[in-house]
Amino acid sequence: MTAARAYWDKDLTKILLDLCIAEKEKMNFNFKKGLNKVGWNNVHRYFRQQTGRAYSSKQLQNKFHSLKRLYKVWKKLKNATGAGWDNTTGTIVGDEDWWQARIAEDPDAVHIKGKPLAHENELENLFGNVDTEEGDMVCAGGLGERTPTGGSEDNVAPESEDNVGRSSAVRAQRVRKEQVVDSPPPKRTKSMEYYVQCISESMLERSRNETNAVNQEQKELQESLEIVQEDGVEQGTELWFIASELLRSATRRAAFKMIRAPEHRIAWLRWTWENGRKK
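Residues numbered from 1 in each chain as written. Predicted model: local features only at pLDDT ≥ 70, side-chain atom pairs only at ≥ 80, totals over all residues. Heavy atoms only, no water.

Participant: Before we move on, can you summarise the overall build of the protein chain with the specific residues and values?
Facilitator: The helix and strand inventory of the protein chain stands at 10 helices and six strands. The buried share of the protein chain, taken over its 279 residues, is 30%. Surface accessibility of the protein chain: about 19,100 Å² in total, with carbon and sulfur atoms responsible for 51%. (Helix = DSSP H or I, 4+ residues; strand = E, 2+ residues; numbered from the N terminus. Buried < 20%, exposed > 50% of the residue type's maximum accessible area, 1.4 Å probe, protein only. Areas by Shrake-Rupley, 256 points an atom, 1.4 Å probe, with all protein chains shown as cover.)

Participant: Describe in detail the packing of helix α2 (residues 37–51) against helix α3 (residues 57–78), supporting the description with residues and values.
Facilitator: Running from amino to carboxyl end, α2 crosses α3 at an angle of 105°, the nearest separation of the two axes being 10 Å. Considering the angle they form, α2 stands roughly perpendicular to α3. Counted together, Trp40, Val43, His44 and Phe47 of α2 and Ser57, Leu60, Gln61 and Phe64 of α3 form the full contact between these two elements. The class makeup of the residues in the contact of α2 with α3 is five nonpolar, three polar and no charged. (Axes fitted to C-alpha atoms, helices over the stretch in contact; angles between N-to-C directions. Parallel < 35°, antiparallel > 145°, perpendicular 65-115°, else oblique. Contact = heavy atoms within 4.5 Å. Nonpolar A, V, L, I, M, F, W, Y, C, P; charged D, E, K, R; others polar.)

Participant: Describe in detail the nonpolar core, supporting the description with residues and values.
Facilitator: Counting 33 residues, the largest nonpolar core has Cys20, Val43, Phe47, Leu60, Phe64, Leu77 and Leu126 as its most contacted members. Broken down by secondary-structure element, the contributors of at least two residues to this core are α1 (10–25), α2, α3, α4 (96–105), α5 (120–127) and α9 (250–258). Setting aside residues up to four positions removed in sequence, Phe64 forms contacts with Leu16, Cys20, Phe29, Gly34, Leu35, Trp40, Leu126 and Phe127. Listed in part, the 16 residues of the second largest apolar core include Trp240, Ala243, Leu247 and Ile259. (Core = buried A, V, L, I, M, F, W, Y, C linked by side-chain atoms within 4.5 Å.)

Participant: Explain the pattern of salt bridges to me, and be specific about the residues and the numbers.
Facilitator: Any two side chains of opposite charge can pair if their charged atoms end up close together. What the rule picks out here adds up to 11 salt bridges. When the shortest N-O distance is used, the salt bridge between Lys14 and Glu122 registers 2.6 Å. Residue Lys14 is found in helix α1, and its partner Glu122 is found in helix α5; the two are separated by 108 residues along the sequence. Connected through salt bridges with shared partners, the residues Lys14, Asp18, Glu122, Glu220 and Arg253 form a single ionic network. (Salt bridge = Lys/Arg side-chain N within 4 Å of Asp/Glu carboxyl O.)

Participant: Run through the packing of helix α8 (residues 238–246) against helix α10 (residues 262–278), naming residues and quoting values.
Facilitator: Put simply, α8 and α10 touch, their axes get as near as 10 Å, and they point 70° apart. Overall, the two elements α8 and α10 adopt an arrangement that is roughly perpendicular. Across the interface between the two elements, Leu239, Ile242, Ala243, Glu245 and Leu246 from α8 touch Ile266, Leu269, Arg270, Thr272 and Trp273 from α10. For the contact of α8 with α10, the class distribution of residues is seven nonpolar, one polar and two charged.

Participant: How would you sum up unusual backbone geometry? Please name residues and give values.
Facilitator: Unlike most non-glycine residues, Met27 shows phi in positive territory, near 70°. Mapped onto the elements, Met27 comes out in the loop between α1 and β1 (29–30). Overall, Met27 belongs to the exposed group, its relative accessible area being 63%. Backbone geometry places His119, a non-glycine residue, at a positive phi of 60°. When its relative accessible area of 13% is taken as the criterion, His119 is described as buried.

Participant: Break down the side chain of Thr13 for me, with residues and values.
Facilitator: Relative to the assigned elements, Thr13 resides in helix α1. For Thr13, a relative accessible area of 5% puts it in the buried group. Separated by 2.8 Å, the side chain of Thr13 and the backbone oxygen of Asp9 make a polar contact. (Polar contact = N/O pair within 3.5 Å; in protein donor to acceptor, adjacent residues only side chain to side chain.)

Participant: With reference to specific residues and values, describe the confidence of the model for the protein chain.
Facilitator: The share of residues in the protein chain with pLDDT of 70 or more is 75%, and the mean pLDDT across the chain is 78. Looking at the elements of the protein chain, mean pLDDT is at its lowest for strand β5 (residues 137–139), recorded as 38, and at its highest for α2, recorded as 94. Contacts for the low-pLDDT stretch residues 131–168, under 50 throughout, to residues beyond four places or in other chains number 40 contacts. Below pLDDT 50 for its whole length, residues 177–183 participates in one contact with residues either more than four positions away or in separate chains. (pLDDT = per-residue confidence, 0-100.)

This is how it looks when you write it as structure tokens:
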């Protein structure tokens, strides 16, 4: 039986991203492929509990990879030659010819033209340090590089004069084989300054992302508590304190904002609080 088509709005997307970030923090995450099996099982279960949407694990993963592709395109365009940045609107700036050239290179660029990247902080947190391309990546010992497994000319020990005549035929045969194989030359090791610079830039970017995430979380909490007050809950009351505690969670804030009727939001606060105390 084919699963129903998945509908995604801003709130549902944020819940998915928050759940994926939580699994990444629990190390249920592969920096090349994304969430592992345990991570996706958790996301699938918690997403259904918080939203009531019976989306399949495959539908959640499809959305995850779609967001990853969009983030990669946005990051590439932001750093592209000829691109500008508008701090007021949070959008990439370029003339029409520039945009048409970028869209011709990657049709997904049309989704970014003139628009800010939705959930930028969450996407940076989730995909900012993910190894999505072949090349350098961050590992436990620092920045590493994928290199060939074979040896190089620098590793060949010099021959003694007694062995020169005896091994010349072997060397000639080896040269002929290498010419037939035509193997690529080994990569040169990059300088220590290069690795230090990469690590410093990575740490600086992570610090900026963490600061932005904290500021965004405080802003969302304030907005949620303003909704609580608009629903008739006065500051200093027991329900106000309950809301202040529950809405510290990003996933609870997203679920709270999805509820349209004020009386249903208040009922949700009481039910969530009482349900949490029973566990």
